[in-house]
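# Notes for the structure review
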Amino acid sequence: MVPLSFALKITEIEGRIIWLSSIIPLVLAAIGIWRSRVEKIKILFFTKVDRYFAWALFGGAVVSALLFLVRLWFKNIEIMNFVGVKDAIFYFFIYYILFVPLIFIPFLGGEICWRGYLWQKWKNYPLKGGIAIWLLWCLSSMPLVTNIPQGIPYMAFYNLMLMPILHFFRYKSGAIGPGTLFYASYFSAFMYLYMIFSASAP
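Rules used throughout
Residues numbered from 1 in each chain as written. Predicted model: local features only at pLDDT ≥ 70, side-chain atom pairs only at ≥ 80, totals over all residues. Heavy atoms only, no water. Helix = DSSP H or I, 4+ residues; strand = E, 2+ residues; numbered from the N terminus. Buried < 20%, exposed > 50% of the residue type's maximum accessible area, 1.4 Å probe, protein only. Areas by Shrake-Rupley, 256 points an atom, 1.4 Å probe, with all protein chains shown as cover. Expected span 1.5 Å × (residues − 1). Bend = angle between axes of the 7 residues up to and from the residue. pLDDT = per-residue confidence, 0-100. Contact = heavy atoms within 4.5 Å. Lys, Arg positive; Asp, Glu negative; His and termini not counted. Salt bridge = Lys/Arg side-chain N within 4 Å of Asp/Glu carboxyl O. Polar contact = N/O pair within 3.5 Å; in protein donor to acceptor, adjacent residues only side chain to side chain. Phe/Tyr/Trp six-rings, centres within 6.5 Å; stacked < 30°, edge-to-face > 60°. Lys NZ or Arg CZ within 6 Å of the ring centre and 35° of its normal. Patch = residues over 30% accessible without salt bridge, like charges linked within 9 Å, V, L, I, M, F, W, Y side chains within 5 Å. Core = buried A, V, L, I, M, F, W, Y, C linked by side-chain atoms within 4.5 Å.

## Some points on the overall build of the protein chain
- Of regular secondary structure, the protein chain possesses seven helices and two strands.
- Element order for the protein chain, N to C, with α for helix and β for strand: α-α-α-β-α-α-α-α-β.
- With 202 residues in all, the protein chain has 46% of them scored as buried.
- As displayed, the protein chain offers around 11300 Å² of accessible surface, 73% of which is attributable to carbon and sulfur atoms.

## Observations regarding helix 6 (residues 151-173)
- Along its 23 residues, helix 6 runs 31 Å from first to last C-alpha, staying within 8% of the 33 Å computed at 1.5 Å per residue.
- Considering bend angle alone, the principal kink of helix 6 is centred on leucine 162 and spans about 35°; proline proline 164 follows within four residues of it.
- Count one or two residues on from helix 6 and you reach glycine 174, which has phi positive near 75°.

## A look at the confidence of the model for the protein chain
- Counting all residues, the mean pLDDT for the protein chain is 76, and 75% of those residues have values of 70 or more.
- The weakest mean pLDDT in the protein chain belongs to strand 2 (residues 199-200) at 43; the strongest belongs to helix 6 at 85.
- A low-confidence stretch, residues 1-15 (pLDDT under 50), is modelled with 25 contacts involving residues beyond four sequence positions or located in other chains.

## Structural notes on the environment of lysine 123
- Within the element layout of this structure, lysine 123 appears in the loop between helix 4 (85-121) and helix 5 (126-145).
- For the pair lysine 123 and tyrosine 171, spaced 48 residues apart in sequence, the C-alpha separation works out to 9.7 Å.

## Quick word on the side chain of arginine 170
- One can find arginine 170 in helix 6.
- For the buried arginine 170, which has no salt bridge, the nearest side chain bearing the opposite charge is glutamate 111, at an N-O separation of 7.5 Å.
- Of the polar contacts made by the side chain of arginine 170, one reaches the backbone oxygen of arginine 115; its length is 2.6 Å.
- Contacts of arginine 170, omitting those with residues within four sequence positions, involve Arg115, Gly116, Trp119, Gln120, Ala175 and Ile176.

## Re unusual backbone geometry
- Although it is not a glycine, lysine 40 sits at a positive phi angle of roughly 55°.
- If you trace the backbone, lysine 40 turns up in the loop between helix 2 (16-38) and helix 3 (51-74).

## Comments concerning the packing of aromatic side chains
- Summed over all chains, the structure comprises nine aromatic pairs.
- Here phenylalanine 107 and phenylalanine 187 contribute two aromatic rings whose centre-to-centre distance is 5.6 Å and whose plane-to-plane angle is 85°, an arrangement assigned as edge-to-face. With phenylalanine 107 in helix 4 and phenylalanine 187 in helix 7 (residues 177-196), this pair connects stretches of sequence that are 80 residues apart.
- Given the relative accessible area of 17%, phenylalanine 107 is considered buried.
- Of the aromatic side chains, those joined through ring pairs into one cluster are Tyr52, Trp55, Phe168, Phe169 and Phe182.
- When the ring centre of tryptophan 34 is taken as origin, the NZ or CZ atom of arginine 35, which lies over that ring, is 4.8 Å away.
- Of note, arginine 115 hangs over the ring of tryptophan 137, and the distance from its end group to the ring centre comes to 4.7 Å.

## Some thoughts on a nonpolar patch on the surface
- A grouping of Ile23, Val27, Ile31, Trp34 and Val38 is seen on the molecular surface, where their side chains present a nonpolar patch of about 450 Å² in accessible area.
- Note on placement: valine 38 falls in helix 2.

## Side note on the nonpolar core
- The biggest cluster of nonpolar side chains holds 48 residues, and the ones touching the most others in it are Trp114, Trp137, Leu162, Phe182, Tyr183 and Tyr186.
- Mapped by element, the contributors of at least two residues to this core are helix 2, helix 3, helix 4, helix 5, helix 6 and helix 7.
- Per-element tally for this core: the top contributor is helix 4, with 16 residues.
- In this structure, leucine 162 is in contact with Val63, Leu67, Trp137, Phe182, Tyr183 and Tyr186, ignoring residues within four places of it in sequence.

Put into structure tokens, the structure is as follows:
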């Protein structure tokens, strides 16, 4: 089995990164809750468990795989030798089940600010509001990817691709929970794919 230390090393979630990944969502959640109370904006975390929860959970993994193909298209990457088909399937469910709930909590902090407070504040200006949310989202994510080669361009691209989907879940469900679940599902699957495709081909 792939050791957890290897997963943390591959995904660059260690040391300074793990602290930032905890502190930044807390700051964003505090800002979102504070401003929503001042401006009397209501933020719903969940409305009801419906088909959007299923779409978010499984759709996140599908979109993650599709976007990862873009990375494979532009970069020559091979599967590490120790990963076989059976192991790859087994590890996917292990890391997917493990990381979705763990990642959901910090992602919820960011969504309180982005799709909670700011989305509600700028919903009458979808284009300008969407661009502003994307820029602020990318800015808050920069400290997490500055030590990864080409991390910032990839992060900006993936955020841009994910934003319409997250806004869709926010609009259809009326709450930030399903979008957060989609984001956690997407990132968990992407983290696993990055693990098994992390060895550069000679």
